[in-house]
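# Fold and contact review
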Amino acid sequence: MMFATRPAAINAARSVFRLRPSSAAFANNNVADAATTQQKRLKTSSPEFDAVVKKAFPGAISNTDLVNKVVGVLEGKGFANGNTLLATSLCADELARVLEDEFVSVYGNNFNLGGLSGFPFAGNTGFGAMAAHIPDDGFCLLVHGPHVGICKNGQIGKVERQGIALVDNCCGSAIAASNYLKGITHGGAQITAKLQQFSDFQQGAVQELILPFGKRLSDAEDRMHELPYALYDSQEILVKDIVETGSGGIKKGLALLGGIQINTGPDSDDYFHPLRFDYFDENGVKVESLLPSIQ
C-alpha cells in the first residue's frame, strides 16, 4: 500500500486529526474535504507524465514523496502532531490546498499567511500572531511559494480542473501580473490614475512586486516556466524580512520549506520543486540546510 513506508508520525497524526471533536456540519465538511484530498493523494502519475514534469522542472518531486521526506526529517528533530503548528503562504487557488491538506493531515490546523500568487500578505502582523499560536516548547513548519500548472501534453501555465472542460490558466493571478508587466515592457499598457484599488489590492501588489523581473521574463526562453521562479525570488525577499522581524516569536524551532508548487490534472499526483528547506533554532538563527535530505 502507498502509505506503508511513510513515517510513523503520518498515520498516527492522521488518526488523531480525524478524531478531533467538531459539530456535525463541520465534521461532514471535513469528511468531504478529506475524501477529495485522499482521492488526489491516491492518484499516481504515469511514468510518461512523471518524465514530462521532471523534464520541465528538474528537481521536482511528487507531493507524496515530498511529504514523506519532510515529515521523516522533521520527526527526527521532534516535530509531531500536538507540538507543531503548520503555517503556509500559498496561493488562494483551490489547487494549492492539495499540498496544504497533506501537511494538515499530519500536523493539524494550518495558519494561513498567504494570498494571491502565494505572497505572504499577512505580513509581519500575521507572522507575529501565528508565532503566538505555536505550542509552548513546540515547533513551526512554514511552507511557502507560488504555483504553476502543467497539462498532460506538457504545456506550462495551464491545468485541467475537476469538472471543468476548459483547460484553465494556473496561476491566474501570476499570469495576469505577467501580462500587466508585458504591457509595460513591450508597450500597450493603459495609463490610469488608480495606482491601487482596495477591492483588488492583492493583485495590484503582485503586479508591483513582479516589476523588477521584467527583463528576466522578456529574455526567458519560456515565459510561463520562468514566471513562478521570478515570483519565488520576489517572495523570498518578503519571507526573509518577515521571519527575521518575527524571529523572537519562534519557540523551539522553525522549519522553512520554500519552492514551486506544480499542479497537475485531477488524475495525477501534484509535484513540488523544493528550493530551500532550512531549520532555525529558538533564537531565529539558521543552523542547518535540510534541503539535501529531501532532494
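So, a few notes on the structure that sits alongside this text. It should be emphasised that the depicted structure is a prediction, and the values quoted were computed from it without experimental measurement.

Turning next to the overall build of the protein. Along its length, the protein carries 10 helices and 10 strands. Looking at the protein residue by residue over its 295 residues, the buried ones come to 49%. Put simply, the protein shows about 13,800 Å² of open surface, and 56% of that area lies on carbon and sulfur atoms.

On to the pairing of strand β6 (residues 158-161). Residues V159 and R161 line the buried face of β6, whereas the alternating positions K158 and E160 sit on a face that is not buried. Strand direction decides the pairing type here: β6 and strand β7 (residues 164-169), joined by 3 bridges, are antiparallel. By the bridge assignment, K158 is partnered in β7 with N169. Joining the antiparallel neighbours β6 and β7 is a turn of 2 residues, in which G163 adopts a positive phi near 80°.

Here the focus is the environment of H144. Relative to the elements of secondary structure, H144 occurs in strand β4 (residues 139-144). Taking the C-alpha atoms as reference points, H144 and T88, separated by 56 residues in sequence, lie 5.6 Å from one another. Beyond its immediate sequence surroundings of up to four residues, H144 is in contact with S89, L90, Y232, E236, V239, L256, L257, G258, G259, F272 and R276.

Any aromatic ring pair is given by two values, namely how distant the centres are and how the planes are angled relative to each other. Under the defined criterion, the tally for this structure stands at 5 aromatic pairs. Ring centres of F79 and F139 lie 4.3 Å apart, and the angle between their planes is 25°; this geometry places the pair in the stacked category. Residue F79 is found in the loop between α4 (63-75) and β2 (84-89), and its partner F139 is found in strand β4; the two are separated by 60 residues along the sequence. Classification of F139 as buried rests on a relative accessible area of 2%. Between the aromatic rings of F121 and F201, the centroid separation amounts to 6.5 Å while the plane-to-plane angle is 80°, which identifies the pairing as edge-to-face. Of this pair, F121 sits in the loop between β3 (110-112) and α6 (123-132) while F201 is found in helix α8 (residues 201-209), placing the two residues 80 residues apart along the sequence. Owing to a relative accessible area of 26%, F121 belongs among the partly exposed residues under this scheme. By way of ring pairs, the aromatic residues F79, F139 and Y279 are connected into one cluster. Just above the ring of Y279 sits the side chain of K77; from NZ or CZ to the centre is 4.8 Å.

A separate point is the nonpolar core. F57, I150, I156, I210, L227, L231 and I262 are the most contacted members of the largest nonpolar core, which totals 28 residues. The set of elements that each furnish at least two residues to this core consists of α3 (47-56), α7 (172-185), α10 (223-245) and β8 (253-263). Broken down by element, this core gets its largest block of residues, 6 residues, from α10. Grouped together as the second largest cluster of nonpolar side chains are 24 residues, V70, Y107, L141 and F272 included.

Structurally, F111 is set in strand β3. Along the sequence, F111 and M130 sit 19 residues apart, while their C-alpha atoms lie 6.4 Å from each other. The contacts of F111, once residues within four sequence positions are left out, are L85, L86, A87, T88, G126, A129, M130 and H133.

Interhelical geometry of α6 versus α10 gives an angle of 50° and a closest axis separation of 9 Å. Classified by the angle their axes make, α6 and α10 are oblique. Every pair of crossing elements has a handedness; the one defined by α6 and α10 is right-handed. Counting all contacts with α6, which are made through G123, N124 and F127, the residues of α10 involved are D241, I242, V243 and T245. Its residues assigned to classes, the contact of α6 with α10 shows 3 nonpolar, 3 polar and 1 charged.

About the criteria used
- Per chain, residues are indexed from 1 in the order of the written sequence.
- Totals for whole chains, interfaces and linings use all residues, but because this is a predicted model, local features are given only for residues with pLDDT of at least 70 and pairs of side-chain atoms are given and counted only at 80 or more.
- Side-chain calculation: all heavy atoms of the structure are included, whereas hydrogens and water are not.
- Only DSSP runs of H or I with at least four residues qualify as helices, and only runs of E with at least two residues qualify as strands; both kinds are numbered from the N terminus onward.
- Throughout this description, buried means an accessible area under 20% of the type-specific maximum (1.4 Å probe, protein chains only), exposed means over 50%, and partly exposed covers the range between.
- Residue burial considers only the protein chains on display, and all accessible areas are found by Shrake-Rupley using a 1.4 Å probe.
- Any two strands with at least two DSSP-identified bridges between them are counted as paired.
- Every residue pair with non-hydrogen atoms within 4.5 Å of one another is taken to be in contact.
- Two rings from Phe, Tyr or Trp (for Trp, the six-membered ring) form a pair when their centres are within 6.5 Å of each other. A pair whose planes differ by under 30 degrees is stacked, one over 60 is edge-to-face, and the rest are tilted.
- Charge over a ring is defined by NZ of Lys or CZ of Arg lying within 6 Å of the ring centre and within 35 degrees of the ring normal.
- Think of a nonpolar core as a cluster: buried Ala, Val, Leu, Ile, Met, Phe, Trp, Tyr and Cys residues, connected wherever their side-chain atoms sit within 4.5 Å.
- In this description, a line fitted to the C-alpha atoms serves as the axis of each element, helices being fitted only across the stretch in contact, and the angle between N-to-C directions of two axes falls anywhere from 0 to 180 degrees.
- Roughly parallel covers angles under 35 degrees, roughly antiparallel covers those over 145, roughly perpendicular covers 65 to 115, and oblique covers all other angles.
- Each crossing gets its hand from how the near helix is turned against the far one by less than a right angle, where anticlockwise is left-handed and clockwise is right-handed.
- Amino acids are sorted into nonpolar (Ala, Val, Leu, Ile, Met, Phe, Trp, Tyr, Cys and Pro), charged (Asp, Glu, Lys and Arg) and polar (every other residue, Gly among them).

Fair warning: the whole summary comes from geometry, so function is off the table for now.
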